[in-house]
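Read off the chains here:
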Amino acid sequence: MNDNQLSKRLETAASYIKKGARLADIGSDHAYLPCHLAQKEQVSFAIAGEVVIGPYASAKKQIKESNVQAVVEARLGDGLAVIEKSDAIDTITICGMGGDLIARILDAGKEDNRLETVERLILQPNNGEKKLRQWLFDNNYGIISEEILKENDKIYEIIVAEPSDDISAYTEDDFTFGKQLRQEKGPVFVEKWQREYDKYTYILNSLNESQRDVSEKKKTVEAFMTKIQEEIA
Ligand code: SAM
């Protein structure tokens, strides 16, 4: 791996990691993110956490090949269980998983007191962003930044959150669309929700052809389509 190999998605997540951070990258298949940051001397210590043996082995190999063994450590384990209190981790990245799974990993880690020293969460859910924002809100994490980007025709959201005693109110639509993203309404945001609208159009057409009573389901789909339309109008 060289410095140019990080994807735009991981590069964007990396841009939120403070110089000298003590990082835990959870679900660190290949450990690209921590290795890249260690090579750039952006992190002082990093854990590449993996629950599956194959990706864990790839992470170990990458750490060796990148010659960053002094800074990055691969650990096999479920979610935040790879973090020890003595690691003094201040930053966690969880990228490339469903938002529901990310929320469950954070929840289990919180129960287990693994989040006590953590000052920043950098999360890149592949879907289920609403559930993840809801988890953050319910657990007193304020979203300090949100980004949406397109790479290889895929659209990704990055959510950066920090513990806070003073979190502003969120509406249902803020959870769904992202408070900052819906304020900015950039072209990628509009494209994402146009794609979602198209998916729901397809679902609605299928429901219209159903022989069963799907009137309630249709109402829900139509209501959400109207919401999307209003959002990107
Ligand atoms: N974070 C990398 C990225 O964004 O490119 C890899 C993403 S890969 C799609 C997701 C990784 O998360 C897989 O390697 C998977 O084994 C790992 N994973 C899934 N659940 C996990 C858990 N509970 N704890 C640790 N790793 C997990």
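What counts as what
- Residues numbered from 1 in each chain as written.
- Predicted model: local features only at pLDDT ≥ 70, side-chain atom pairs only at ≥ 80, totals over all residues.
- Heavy atoms only, no water.
- Near = heavy atom within 4 Å.
- Polar contact = N/O pair within 3.5 Å; in protein donor to acceptor, adjacent residues only side chain to side chain.
- Areas by Shrake-Rupley, 256 points an atom, 1.4 Å probe, with all protein chains shown as cover.
- Helix = DSSP H or I, 4+ residues; strand = E, 2+ residues; numbered from the N terminus.
- Salt bridge = Lys/Arg side-chain N within 4 Å of Asp/Glu carboxyl O.
- Buried < 20%, exposed > 50% of the residue type's maximum accessible area, 1.4 Å probe, protein only.
- Contact = heavy atoms within 4.5 Å.
- Domains from an automatic or database assignment.
- Buried area = accessible area lost by both parts, 1.4 Å probe.

Asker: Before we move on, could you go through the site of the ligand and cite the residues and values that matter?
Answerer: What surrounds the ligand is a group of 17 residues, the closest being R9, G27, E50, D78 and G79. At 3.5 Å from a nitrogen atom of the ligand is found a main-chain nitrogen or oxygen belonging to V51. One nitrogen or oxygen atom from the main chain of G79 is found 2.8 Å from a nitrogen atom belonging to the ligand. Here the ligand has 600 Å² of accessible area as a free molecule, and 77% of this is covered by the chains. Put simply, the parts of the chain that give the shell around the ligand at least two residues each are α1 (8–14), β4 (91–97) and α4 (99–111). Of the residues forming the shell around the ligand, the biggest block, three residues, is contributed by β4.

Asker: Kindly report on the pattern of salt bridges, identifying the contributing residues and their values.
Answerer: Between side chains of opposite charge, pairing is possible as soon as their charged atoms come close. This model, assessed by the stated rule, comprises 23 salt bridges. In this structure, R120 and E162 form a salt bridge, with 2.9 Å as the shortest nitrogen-oxygen distance. Here R120, found in strand β5 (residues 120–125), pairs with E162, found in strand β7 (residues 154–163); they are 42 residues apart in sequence, far enough to count as distant. Between D153 and R195 there is a salt bridge, with the nearest N and O atoms lying 3.1 Å from each other. You can see D153 sitting in the loop between β6 (141–151) and β7 and its partner R195 sitting in helix α8 (residues 187–208), a full 42 residues away along the chain. Classification of R195 as partly exposed rests on a relative accessible area of 29%. Overlapping salt bridges, with partners in common, bring together D173, D174, R182, K185, K227 and E231 in one network.

Asker: Summarise the side chain of N139; cite the residues concerned and give the values.
Answerer: Locating N139 in the fold gives a position in the loop between α5 (129–138) and β6. Only 2.8 Å separates the side chain of N139 from the backbone oxygen of W135, close enough to count as a polar contact. Once you skip the residues sitting within four places of it in the chain, N139 turns out to touch D107 and K110.

Asker: An account of the domain arrangement of the protein is needed here, citing residue identities and associated values.
Answerer: Taken domain by domain, the protein holds domain 1 (8–167) and domain 2 (189–232). Between the C-alpha centres of domain 1 and domain 2 there is a distance of 33 Å. Taken residue by residue, the interface counts seven residues in domain 1 and four residues in domain 2. The contact between domain 1 and domain 2 buries some 450 Å² in all, and 47% of this surface belongs to carbon and sulfur atoms. It is I148, K150 and I155 in domain 1 that bury the most area against domain 2; as a group they hold 69% of the surface buried on that side. Taken together, domain 1 and domain 2 are joined by four salt bridges. Residue E157 pairs with K192 through a salt bridge whose shortest N-O separation is 2.9 Å. At the junction of domain 1 and domain 2, the tally comes to four residue pairs in polar contact (both at pLDDT 80 or more).

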